[in-house]
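Chain residues, written in single-letter form:
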Amino acid sequence: MELTDMELTLRLRQDDEVAFETLFRRYYHYLYSIAIQYVKNPDLAEDALQEVYLKLWTHRAQLDESQSLRNYLATAMRHQVLNVIRDEKRAILRHLDHQTTQAKVDTTTEETLTLNEYGSVFLDGLRQLPAQRKLVFMLRSEQGLSNEEVASKLHISINTVKVHYYQACQFLRNYLRQHAGIEAILLLVASFWN
């Protein structure tokens, strides 16, 4: 008879490795499908999956068997892929910034021309943001500050930071889609991940 998630959680809390392996197999494909939906890259999806299962094992003593393990793992996966996206976005922004501010640009390759074109489009969009929204976006994206750190630095509420950051991301995503073509942007992003 197959054990329920509740039974497996109780066993996992008692350091039962077989329970962990069972849960791993039970939710592997479900969690992978969540990860790949967000990151679009099999290697990044696998990395995110491993991180979630590592955290499950590390924090097994704090698990609540009355909570849905499936929901707990799905939430953990969403948080993990958002972290991956945030980290990759920072790397992409740094790379774009470096390419667009580089004094001597090699314009002999199509790839460099494309990168500069999209970097310029991104910077144009960034310039169109209201001053405080742009500042919030830059502090979060380029400097890697948390919502709390940005709120403290700018003397605004955490919710205001969240709203500004969300609206900045939405605007920039739409701006890139309108002015650069999202398919090309996705190809550009994918090239940084490989």
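About the criteria used
- Residues numbered from 1 in each chain as written.
- Predicted model: local features only at pLDDT ≥ 70, side-chain atom pairs only at ≥ 80, totals over all residues.
- Heavy atoms only, no water.
- UniProt positions renumbered as here; feature names shortened; annotations may be inferred.
- Bend = angle between axes of the 7 residues up to and from the residue.
- Helix = DSSP H or I, 4+ residues; strand = E, 2+ residues; numbered from the N terminus.
- Buried < 20%, exposed > 50% of the residue type's maximum accessible area, 1.4 Å probe, protein only.
- Polar contact = N/O pair within 3.5 Å; in protein donor to acceptor, adjacent residues only side chain to side chain.
- Phe/Tyr/Trp six-rings, centres within 6.5 Å; stacked < 30°, edge-to-face > 60°.
- Lys NZ or Arg CZ within 6 Å of the ring centre and 35° of its normal.

As recorded in an unreviewed UniProt entry, the protein goes by RNA polymerase sigma-70 factor and comes from Spirosoma radiotolerans. As recorded by UniProt, the Sequence similarities (unreviewed entry) comment attached to the protein reads in full: "Belongs to the sigma-70 factor family. ECF subfamily."

Another aspect to go through is helix α2 (residues 17-39). The axis of α2 is deflected most strongly, by about 50°, at Tyr27. Every buried residue belonging to α2 is among Ala19, Phe20, Leu23, Tyr27, Tyr28, Leu31, Ile34, Ala35 and Val39, and all of these are buried. Between the side-chain oxygen at the start of α2 and the backbone nitrogen of Val18 there is a gap of 2.8 Å, and the oxygen is on Asp16.

In this section: the packing of aromatic side chains. Taken as a whole and assessed by the stated rule, the structure comprises 7 aromatic pairs. Where Phe20 meets Tyr53, the ring centres are 6.1 Å apart and the plane angle is 85°; that geometry is what we call edge-to-face. Of the two residues, Phe20 sits in helix α2 while Tyr53 sits in helix α3 (residues 42-58), which places them 33 residues apart along the sequence. You can call Phe20 buried: its relative accessible area is 18%. For Tyr53, a relative accessible area of 2% gives the class buried. Counting every residue linked through ring pairs, the aromatic cluster contains Phe20, Phe24, Tyr28, Tyr32, Tyr53 and Trp57. Directly above the ring of Tyr30 sits Arg70, whose terminal nitrogen or CZ lies 3.7 Å from the centroid.

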